[in-house]
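# Summary of structural features
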Amino acid sequence: MSGYDVINNTVLDSDTAILLGGGRHNKLIGNKSIRTQLPLSFDARGLTWDTASCKPGNEFEAELASYDFMKPPWSTRYPELAGIFEDRPCTPTHNVVSDMVFCGLEQG
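Residues numbered from 1 in each chain as written. Predicted model: local features only at pLDDT ≥ 70, side-chain atom pairs only at ≥ 80, totals over all residues. Heavy atoms only, no water.

A count of helical and extended segments in the protein chain gives 2 helices and 8 strands. The secondary structure elements of the protein chain, listed N-terminal to C-terminal, are β-β-β-β-β-β-α-α-β-β. Compactness check: the protein chain gives a C-alpha radius of gyration of 16 Å against a globular reference of 13 Å for 108 residues, more than 25% above the reference. A principal-axis box enclosing the C-alpha atoms of the protein chain has dimensions of 50 × 30 × 20 Å. Residue burial in the protein chain is summarised as follows: out of 108 residues, 21% are buried. Sequence separation of 24 or more characterises 48% of the internal contacts of the protein chain that already satisfy a separation of 6 or more. (Helix = DSSP H or I, 4+ residues; strand = E, 2+ residues; numbered from the N terminus. Rg over C-alpha atoms; globule rule 2.2 N^0.38 Å. Buried < 20%, exposed > 50% of the residue type's maximum accessible area, 1.4 Å probe, protein only. Contact = heavy atoms within 4.5 Å.)

What follows is the structure in structure tokens.
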């Protein structure tokens, strides 16, 4: 899960407000979580329970190669893909989490 923008949302009376399962280049900005047990869950599943998806030759790598991502239009629209396998594969990097508001957190 990469490249998502979750901006200026309000989550009210929920168990989990935002769940981000690793990924890269995600932006979580200005969201409000009111009366939730877990306002933000952000894991690194590629480094823990989903390591099989990160092995060389995996399905993601094969699918990405099928798009010829090192050439336009992919290389110009997504320049960060050029070094994806050298930049700590499966590590959630280059994410932004800012200006989040958590109110009335439940103790669980």
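That shown, we press on.
The next point concerns the sheet that holds strand β5 (residues 32–34). Working definition: the strands of a sheet are paired by backbone hydrogen bonds and lie parallel or antiparallel to each other. One open sheet accounts for 3 strands, arranged β2-β5-β8; its pairing is parallel. Looking at which strands have only one partner, the edges of the open sheet turn out to be β2 (10–12) and β8 (101–103). Neighbouring strand axes in the sheet, compared pairwise and without regard to direction, differ in orientation by 10° on average. By the bridge criterion, 3 bridges tie β2 to β5 in an arrangement that is parallel. Counterpart to Leu12 in the pairing with β5 is Ile34. (Pairing = 2+ DSSP bridges. Axes fitted to C-alpha atoms, helices over the stretch in contact; angles between N-to-C directions.)

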